[in-house]
Each structure stands twice: as structure tokens, then as C-alpha cells.
Amino acid sequence: MKSYIVGNWKMNFSVGESSVYLHKLSQKLRASRGLTVVVSPSFVALQPLSLQIDRKKLRLAAQAGNPHDFGAYTGAVSYTQLRGIVDYGIIGHSERRQLFHESDKDIRASVAAALRNQITPILCVGETETEHTFGETEDVIRDQLLGGLSEVSTEDISKVIIAYEPIWAISTTTDAHLASPDEIGDVAGFIRRTLKDTYGAATAKEIPLLYGGSVNPSNAGGYLTIPEINGLLVGGASLIADQFIDIIEIAKKVQD
Ligand code: PGA
């Protein structure tokens with residue numbers, strides 16, 4: 001299966017800095033059929049970057065979006081407005097769920113809105129540290145998955161990407177909180193089984209499953225060789241162009 005490296009820049013970089021970064025990335029990258037590289041800048045940078053980007057090498061993702069198409073939603077940007085600017089949309093990131101109170105209902109509507117506007121949803125799921133400690137991971141992941149996907153038809157599910165991001169492993173600086181490949185493999189297997197129960201084995205097998213949570217050049221290779229994992233969602237390390245490029249190079253080697 002194709003693999004994906006997605007850089008989530010979160011609320012970092014000015015428009016100018018984003019453009020300089022993209023230029024550097026574009027110069028270093030060669031187009032690869034088996035690997036899709038995606039970057040996700042802030043809303044303000046998306047439109048200018050969409051004019052600059054070489055789509056053979058790189059694609060853009062929105063970090064969030066409003067599921068309504070148009071209307072009186074002050075401060076919001078809809079997937080309809082993002083259509084043609086981005087190819088992907090990160091949906092249900094834990095920071096959106098926790099800091100912006102996005103519910104499964106909002107997330108489900110966003111997945112549907114993205115699909116309706118030819119934007120590939122990257123649906124993020126992941127448990128908190130407490131849920132992890134109390135053995136509730138599978139229940140939480142099942143609820144988030146089924147909650148986010150319940151309006152997606154069997155035909156459309158092949159246009160969705162899932163990202164497993166355990167919240168306790170996001171933006172950690174100590175190895176103590178890194179998720180181990182075995183732990184990720186168990187949850188990834190569970191996600192695949194849950195998708196299989198809903199959409200059938202043949203369809204479930206084709207849905208890309210990414211891992212995210214403190215990915216860096218030293219652990220990327222280990223994560224990319226987990227059997228059920230088809231790519232990485234990178235936060236902090238994607239802010240440093242050289243680290244992000246290293247991760248892309250590692251992914252290319254794993255693909256070959
Ligand atoms: P991190 O972020 O790589 O800094 O842990 C990942 C994410 O939040 O998507």
C-alpha cells in the first residue's frame with residue numbers, strides 16, 4: 001500500500017516562513033509514487049501555498065474546517081471554501097477535541113463535509129493517559145472511529161485515512177512517554193478489525209492507517225515497520241525542515 005508522511009505545523013510559522021519552508025522541502029524532495037508527503041500549515045498560509053506547491057511532490061492539508069458550507073459562522077472556514085486549495089483535511093485532532101470542544105457529532109459532520117468537497121479526511125483517534133491506564137483504549141477508539149465514520153458509505157470509506165494518536169504520547173520529550181511499536185501495533189490491529197467488522201475485510205485492508213505521537217527521525221523507522229501502519233503524522237519534528245526531510249527519507253527506504 002501507498003504510505004503517507006503528514007506534517008502538522010499546528011499554529012506555527014508566518015505565511016512568509018511557511019513559503020520558505022515549502023520551497024526548501026520542494027528542492028530536496030523527489031516525486032515518489034509510493035509515498036505521499038503532505039504538509040498542514042495554518043489557514044492563512046493555505047491559499048498562497050496552494051499556488052506555490054508542486055503537487056507531484058507535495059500536498060496540502062487543512063488542520064480543521066467547519067462542516068457547514070457557508071453562512072453566519074464568524075471566524076470559521078468551511079471545507080467548501082477549502083475545496084481546490086487542499087487535498088487533505090486533518091479531522092478530530094485531539095487538540096481540536098480537547099481545546100475546541102469538538103464532539104463526535106462535529107467530527108462526523110466534518111468528515112462528511114470534507115468528502116463532499118473532494119477533500120480526503122485524515123480522521124484522528126486516540127485515548128488519554130487515564131483511559132490508557134484504566135484499559136479503556138479499545139472502547140474509546142471504537143467510539144471515536146464509529147462516531148466519526150457513521151455517515152461514511154462503503155463506497156466513500158476508501159477515500160478516508162485514519163490516524164492513531166495516543167494523547168499521552170503527543171509532544172513528549174522523554175522516552176518514558178513514547179508509545180512502543182508493540183503497543184501501537186495492538187491498537188492498529190484493533191482499528192483494522194473494527195473497520196473490517198463495519199466495511200468488510202477487502203475494504204478495511206485498503207484504508208491507510210497512520211501513527212502520530214512524538215515521531216522523530218530516531219523512532220520513525222521503527223514505527224513505519226509496524227505491519228498495520230502505513231505512514232506517520234508528525235507534529236513537533238515537522239517544524240524542523242531537516243528532521244522532516246530525514247523522516248521522509250526513512251519512509252522511502254522502508255517502502256523500497
Ligand atoms: P507531535 O504531534 O509529533 O509533536 O507529538 C503530533 C500531533 O499532534 O499530530
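First, a word on scope: everything that follows refers to the structure included in this document. (Residues numbered from 1 in each chain as written. Predicted model: local features only at pLDDT ≥ 70, side-chain atom pairs only at ≥ 80, totals over all residues. Heavy atoms only, no water.)

## Points about the site of the ligand
Thought 1: Around the ligand sit 13 residues in total, of which K10, H93, E165, S171 and S214 are the nearest.
Thought 2: At a separation of 2.7 Å, an oxygen atom of the ligand approaches a polar side-chain atom of H93.
Thought 3: With the chains in place, 97% of the 280 Å² that the ligand exposes on its own is no longer accessible.
Thought 4: Here the shell around the ligand is built from residues that sort into 4 nonpolar, 7 polar and 2 charged. (Near = heavy atom within 4 Å. Polar contact = N/O pair within 3.5 Å; in protein donor to acceptor, adjacent residues only side chain to side chain. Areas by Shrake-Rupley, 256 points an atom, 1.4 Å probe, with all protein chains shown as cover. Nonpolar A, V, L, I, M, F, W, Y, C, P; charged D, E, K, R; others polar.)

## Quick word on helix α11 (residues 241-255)
Thought 1: For α11, which comprises 15 residues, the first-to-last C-alpha distance of 21 Å matches the rise-based estimate of 21 Å (1.5 Å per residue) to within 8%.
Thought 2: Residues of α11 that are buried include every one of A241, F244, I245, I247, I248, A251 and K252, and no others. All buried residues of α11 project into a common sector of 155° when viewed along the axis, lining one side.
Thought 3: Looking at the buried residues of α11, the elements they touch are β1 (3-8), α1 (15-28), β2 (35-40), α10 (220-224) and β8 (231-234). (Helix = DSSP H or I, 4+ residues; strand = E, 2+ residues; numbered from the N terminus. Expected span 1.5 Å × (residues − 1). Buried < 20%, exposed > 50% of the residue type's maximum accessible area, 1.4 Å probe, protein only. Arc of directions from axis to C-beta. Contact = heavy atoms within 4.5 Å.)

## Regarding the packing of α1 against helix α2 (residues 43-52)
Thought 1: Relative to each other, α1 and α2 sit at 35°, their axes nearing to 9 Å. In this structure, α1 crosses over α2, and the sense of that crossing is right-handed. Each of V15, S18, S19, L22 and H23 in α1 lies in contact with α2, whose residues at this interface are V44, A45, P48, L49 and Q52. (Axes fitted to C-alpha atoms, helices over the stretch in contact; angles between N-to-C directions. Left-handed = near helix turned anticlockwise from the far one by under 90°.)

## Structural notes on the sheet that holds strand β4 (residues 88-91)
Across a sheet, strands are paired by hydrogen bonds formed along the backbone, either parallel or antiparallel in direction.
Thought 1: Judged by pairing direction, the barrel is parallel, and its 8 strands sit side by side in the order β1-β2-β3-β4-β5-β6-β7-β8 before closing back on the first. Averaged over all pairs of adjacent strands, the angle between their axes in this sheet comes to 25°, without regard to strand direction.
Thought 2: In the packing of helix α7 (residues 137-149) onto the sheet, contacts are made with β5 (120-125) and β6 (161-164), and the angle to β5 comes to roughly 155°. (Pairing = 2+ DSSP bridges.)

## A few points about α2
Thought 1: When α2 is considered as a whole, its buried residues turn out to be A45, L46, L49 and S50. Buried residues of α2 fall within an arc of 135° about the axis and therefore sit on the same side. Opposite the buried face of α2, by more than 90 degrees, sit the exposed residues V44 and L51.
Thought 2: Where α2 is buried, its residues meet α1, β3 (59-62) and α3 (79-82).

## With respect to the pairing of β3
Thought 1: Pairing of β2 with β3 involves 2 bridges; the strand directions are parallel. Opposite V38, over in β3, you have R59 as the bridge partner.
Thought 2: Remark: the β2/α2/β3 crossover connection has right-handed handedness.
Thought 3: Bridge count between β3 and β4: 2 bridges; the pairing is parallel. Of the residues in β4, the one forming a bridge with A62 is G89. (Right-handed = clockwise from strand over helix to strand, strands pointing away.)

## Details of the pairing of β6
Thought 1: Burial of the side chains of β6 extends over both faces: I161 and A163 are buried on one face and I162 and Y164 on the other.
Thought 2: Sheet topology note: the β5/β6 ladder contains 4 bridges and is parallel. Considered in β6, the bridge of I122 is made with I161.
Thought 3: Where β6 lies against strand β7 (residues 209-212), 3 bridges are found, and the strand directions are parallel.

## Comments concerning the pattern of salt bridges
Where side chains of opposite charge bring their charged atoms close, a pairing between them can arise.
Thought 1: Applying the stated rule across the entire model yields 11 salt bridges.
Thought 2: D242 is the salt-bridge partner of K24, the closest N and O atoms lying 3.3 Å from each other. Highlighted residues: K24 in helix α1 and D242 in helix α11, separated in sequence by 218 residues.
Thought 3: By relative accessible area, K24 is classed as partly exposed at 32%. (Salt bridge = Lys/Arg side-chain N within 4 Å of Asp/Glu carboxyl O.)

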